[in-house]
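# Per-entry structural report
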Amino acid sequence: MIIAVDGPTASGKGTIAKALAGHFNLPHLDTGLLYRAVGYQCARNGGEPNSLADALAACAFDDSLLDDPALRTEEVGGLASRVSVHNAVRKALFERQRAFAMQDGGAVLDGRDIGTVIAPEADAKLFITASVEARARRRFLEMRGRGVQVTLLEIQDDLRRRDERDRNRDVAPLVPAEDAMVIDTSALDKDEAIAAAIAAVEEAVSS
Ligand code: DC
């Protein structure tokens, strides 16, 4: 069974994808991490993420980078969003994601274009969303918990900028697949969101 989990930054899609992988006993790939690795490598090379040549050169990152906690920062999220607008970068990362999706027994992948581009034949497609305010609040609490000094307004502005870039890019923009089930987590806590996602997958595979 292939499960595609797409959605904007801080919608809860990563948490949900991990929980689905545990529940259905499937391997999980956080595809955002691949774009984050390219963005981070690009910066380490002294490159400019908006430059196609610099972003493409950074696709040759070492796999050990995927374990680097620096990839999880907001700053690297912004770099990832920039390198991800280049079609050639998306193509360079395609095979790896596709092979993961098509492995025997299936998989759960989360990202922006899993249900539309990477695995359009997925058995279940979820699009996880939430209001900017709800996502910013979650991100704020999580960052403050890690001791990061940041304001709610700064986070909201950053999320809006990233949403805009992810939604309006020419290639593989962030849009729900036509056959995706949309789950709005604005008013749900973590357990409720996971339960809704499990129910949606069960419904998709039984119909
Ligand atoms: O999910 P995330 O915040 O880790 O993703 C970081 C950026 O990577 C996001 O702003 C857009 C890009 N991305 C993408 O274009 N396609 C994906 N499948 C996953 C992430």
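As shown above, the structure is provided for reference.
Residues numbered from 1 in each chain as written. Predicted model: local features only at pLDDT ≥ 70, side-chain atom pairs only at ≥ 80, totals over all residues. Heavy atoms only, no water.

### What to know about the site of the ligand
Taken together, 16 residues surround the ligand, and among them Arg36, Arg90, Arg112, Asp166 and Arg169 come closest. Measuring from an oxygen atom of the ligand, one finds a side-chain N or O atom of Arg112 at 2.9 Å. The separation between a nitrogen atom of the ligand and a polar side-chain atom of Asp113 is 3.0 Å. Breaking the shell around the ligand down by element, the ones donating at least two residues are α2 (32-44), α4 (74-83) and α8 (152-168). (Near = heavy atom within 4 Å. Polar contact = N/O pair within 3.5 Å; in protein donor to acceptor, adjacent residues only side chain to side chain. Helix = DSSP H or I, 4+ residues; strand = E, 2+ residues; numbered from the N terminus.)

### A look at the pattern of salt bridges
The tally for this structure, following the rule as stated, stands at 15 salt bridges. A salt bridge links Asp163 to Arg135, with the shortest nitrogen-to-oxygen separation between them at 2.5 Å. With a gap of 28 residues between them, Asp163 in helix α8 and Arg135 in helix α7 (residues 132-145) connect regions that are remote in the sequence. Of the two residues, Asp163 and Arg135, both sit in the buried class. Between Asp158 and Arg161 there is a salt bridge, with its nearest N and O atoms 3.9 Å apart. One end of the pair is Asp158 and the other is Arg161, both in helix α8 and 3 residues apart, which spans about a single turn. Put simply, Glu74, Arg139, Glu142, Arg146 and Arg162 are held in one network by salt bridges that share partners. (Salt bridge = Lys/Arg side-chain N within 4 Å of Asp/Glu carboxyl O. Buried < 20%, exposed > 50% of the residue type's maximum accessible area, 1.4 Å probe, protein only.)

### A few points about unusual backbone geometry
A negative phi holds for most residues other than glycine; trans holds for most peptide bonds. Despite not being glycine, Ala10 has its phi angle at roughly 65 degrees, a positive value. Its location among the elements puts Ala10 in the loop between β1 (2-6) and α1 (13-24). Look at Ala10 and you get buried, because its relative accessible area is 15%. At Asn25, a residue that is not glycine, the phi angle is positive and equals roughly 55 degrees. Examined against the element boundaries, Asn25 turns out to sit in the loop between α1 and β2 (28-30).

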